[in-house]
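Examining the three-dimensional arrangement
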Amino acid sequence: MSVPVEGAAHQKSDKECPERASREAAGSFGRGEAPPVRQRDGNSGRSVLEQALTRENMERAWKRVRANKGSAGVDGRSVKETGVYLKTHWPRLKAQLLCGTYRPSPIRRVEIAKSEGGVRELGIPTVTDRLIQQALLQVLQPLIDPGFSEHSYGFRPGRRAHDAVLCAQAHVQAGYRVVVDIDLERFFDRVNHDVLLDRLGRRIGDRAVLRLVRRYLQAGVMVHGVVQERYEGTPQGGPLSPLLANVLLNEVDRELERRGHRFVRYADDCNVYVRSQKAGERVMAGLRRTYERLRLKINESKSAVAGAFGRKFLGYALWRSPTGEVRRAAARKTLTAYKSRLRAITKRNRGRSMKQVVAELRAYVPGWKAYYRLAQTPRVLRELDEWLRHRSTVFRETLALGASPARAARIAGNVRCWWRNGCGDLNGILTIAYFDRLGVPRLS
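Residues numbered from 1 in each chain as written. Predicted model: local features only at pLDDT ≥ 70, side-chain atom pairs only at ≥ 80, totals over all residues. Heavy atoms only, no water.

Overview of the overall build of the chain
Condition: In this description a helix means any DSSP run of H or I spanning at least four residues, a strand means any run of E spanning at least two, and both kinds are numbered starting from the N terminus. Burial status follows relative accessibility: with a 1.4 Å probe on protein chains alone, a residue under 20% of its type maximum counts as buried, one over 50% as exposed, and anything between as partly exposed. A 1.4 Å probe and the Shrake-Rupley method give the accessible areas. Residues count as covered only by the protein chains that appear here.
If you tally the helices and strands in the chain, you get 18 helices and 10 strands. By the burial criterion, 49% of the 444 residues in the chain qualify as buried. Accessible surface, the chain: about 22,300 Å² in total, of which carbon and sulfur atoms supply 50%.

A short note on helix H4 (residues 79-99)
Let me state the cut-off plainly: Multiply 1.5 Å by the residue count of a helix minus one, and that product is the helix's expected span.
Between its first and last C-alpha, H4 extends only 26 Å over 21 residues, short of the 30 Å set by a 1.5 Å rise per residue. Taken together, the buried positions of H4 are Val79, Thr82, Gly83, Tyr85, Leu86, Trp90, Leu93, Lys94, Ala95, Leu97, Leu98 and Cys99. At the exit of H4 stands Gly100, carrying a positive phi of roughly 85 degrees.

A closer look at unusual backbone geometry
Unusually for a residue other than glycine, Arg295 sits at a positive phi of about 65 degrees. Phi at Leu314 is positive, roughly 55 degrees, even though this residue is not glycine. The buried category is assigned to Leu314, whose relative accessible area is 15%.

Quick word on the pattern of salt bridges
Pairing between side chains of opposite charge can happen when the charged atoms of each approach one another. Threshold: Only one rule defines a salt bridge in this text: a Lys or Arg side-chain nitrogen within 4 Å of an Asp or Glu carboxyl oxygen.
By the definition in use, this model includes 20 salt bridges. The closest approach of N and O atoms between Asp194 and Arg214, which form a salt bridge, is 3.2 Å. In this pair, Asp194 is assigned in helix H8 (residues 193-201) and Arg214 in helix H9 (residues 207-218), connecting sequence segments 20 residues apart. A relative accessible area of 48% means that Asp194 is categorised as partly exposed. Note on Arg214: relative accessible area 14%, which makes it buried.

Considering the packing of helix H12 (residues 332-345) against helix H14 (residues 378-391)
Filter applied, for reference: As a rule, the C-alpha atoms of each element are fitted with a line to give its axis, helices using only the stretch in contact, and angles between N-to-C directions run from 0 to 180 degrees. Oblique is the label for any angle not under 35 degrees, not over 145, and not in the 65 to 115 range, which are roughly parallel, roughly antiparallel and roughly perpendicular in turn. Whether a crossing is left-handed or right-handed is set by the direction in which the near helix is turned from the far one by less than a right angle, anticlockwise for left-handed and clockwise for right-handed. Any two residues whose heavy atoms approach within 4.5 Å at even a single point are treated as in contact.
Contact geometry of H12 with H14 gives a least axis separation of 11 Å together with a crossing angle of 20 degrees. Accordingly, the angle class assigned to the pair H12 and H14 is roughly parallel. Read as a crossing pair, H12 and H14 show a hand that is right-handed. Within the contact between the two elements, H12 uses Leu335, Tyr338, Lys339, Leu342 and Arg343 and H14 uses Val380, Leu384, Trp387, Leu388 and Arg391.

Focus on the sheet that holds strand S7 (residues 269-274)
To be explicit about the condition: At least two DSSP bridges between two strands are required for those strands to pair.
Read from one edge to the other, the open sheet built from 4 strands follows the order S6-S7-S3-S8, with strand pairing classed as antiparallel. In this open sheet, the two edge strands, each paired with only one partner strand, are strand S6 (262-266) and strand S8 (304-307). When strand polarity is set aside, the average angle formed by the axes of neighbouring strands in this sheet is 20 degrees. With 5 bridges connecting them, S6 and S7 associate as antiparallel partners. Within S7, the position partnered with Arg265 by the bridge is Cys270. Along the sheet face, helix H6 (residues 161-173) touches S6 and S7 and points at about 160 degrees away from the line of S6. Across the sheet, helix H10 (residues 241-258) is in contact with S6 and S7; its angle to S6 comes to roughly 175 degrees.

Regarding the pairing of strand S10 (residues 326-330)
With 4 of its 5 residues buried, S10 lies for the most part within the structure. Alignment of strand S9 (residues 316-320) against S10, held across 5 bridges, turns out to be antiparallel. Residue pairing for S10: Tyr316 is matched across the bridge by Ala330.

What to know about the environment of Asn246
Note the cut-off: Polar contacts, as used here, are pairs of N or O atoms within 3.5 Å; protein pairs need one atom able to donate a hydrogen and one able to accept it. Residues neighboring in sequence count only if both atoms are side-chain atoms.
Mapped onto the secondary structure, Asn246 falls in helix H10. A sequence separation of 21 residues divides Asn246 from Ala267, and the C-alpha atoms of the two residues are 6.6 Å apart. In this structure Asn246 touches Phe148, Ser152, Gly154, Phe155, Arg156 and Arg265, once residues within four positions along its chain are discounted. Within the structure, the side chain of Asn246 is placed 2.9 Å from the backbone oxygen of Gly154, a separation counted as a polar contact.

Notes on the side chain of Asn271
Structurally, Asn271 is set in strand S7. Among the polar contacts made by the side chain of Asn271, one reaches the side chain of Tyr273 at a distance of 3.2 Å.

Quick notes on the nonpolar core
Short version of the rule: Here, the term nonpolar core denotes a set of buried Ala, Val, Leu, Ile, Met, Phe, Trp, Tyr and Cys residues that are joined through side-chain atoms within 4.5 Å.
Core analysis: the biggest nonpolar cluster contains 67 residues, and Leu140, Ile182, Phe187, Leu200, Val272, Leu287 and Tyr291 have the highest contact counts within it. Top contributing element to this core by residue count: helix H5 (residues 127-144), with 9 residues. Dropping the residues within four chain positions of it, Leu287 is found in contact with Val180, Ile182, Val252, Leu256, Val272 and Ile298.

In short, geometric facts, not functional conclusions.
In structure tokens form, the structure reads like this:
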């Protein structure tokens, strides 16, 4: 996308936008709120929104949106089609953004199945709205992120889930063996708009940005061709949602810091580490009050005060070695989900060639391995590799490798005893070197 050159036509004043001027004069952004101070760049004199809409920032945002690809929104335009559309329509959209008359499109709802059952709802904005949100994010993140807690790791520059896992391990190794494991009930669907905008307004005084964020929060959801209005929630799928989540939950972080607790938070997953069950129950009671103040609800069925060993955090679990050292492992549910995915890929009645199966494995296994590379369980990873090699065995491959027809048929036909076959017939025919030649990825 080529962003049009900025000109006088795009720099509307309040006189040229009487609707905006009248609304701001009446203080219509929020009842009972003091008018926030409009922040400006000390060098350029631009407001936060004007900084977001500069040519340089928009081009950087477009590169990011284009690299992320993603599906079309309710307008049906792909990333490529949106680029063509914006070459003509961007001047008009930019003028609407500066005037405060821009209305985001409804989001397209998509349901993603969870490994433990149920579905996660994602909201897919149009590519145009993803571009505008990304441009806002690039300006807001440097202003807001430095004020976040050092114990917050989710969706922040230079921080990863691995850092959070290592921090949790350090707390447990230091003797804080009881964890207050907090899981919020449908967090992204239950965010209160007024509470969120109040916390955001304490950090960003640009009323135009706050108004635009409110409109993104309240953009309807397209379900089966019908637009449903939204009164709460910040749908996952838009570039701004993670930053807004951190703005809201930073209040929890500061309360825990004030009380001197050791904790780790990644988005809405928060673990607090204490030395005793009684201390953990006190922390849990305090957190309930804090989350209630934010109009959020703790999922009681998934939250607990329990021993740190065996509890799942970001897909990892901690365990104690015979020497007393605290170590990391992929959680049991994680391993179960991994094997289920491999079963689906290597299912023998899918009618796919070995080459196609290997291609699917190479698309999935390396990513899983990269995320769980912190696991200090080489034996478990080695056993998973062995299990995958057994799953990949078929009659055609064993016959081609020199097995007699009778032996190959016995191996391929005994569908309920693959693992036992591996101890005899299979290991003699299908060696590790054979699977390496095929390109089957390994964890160990």
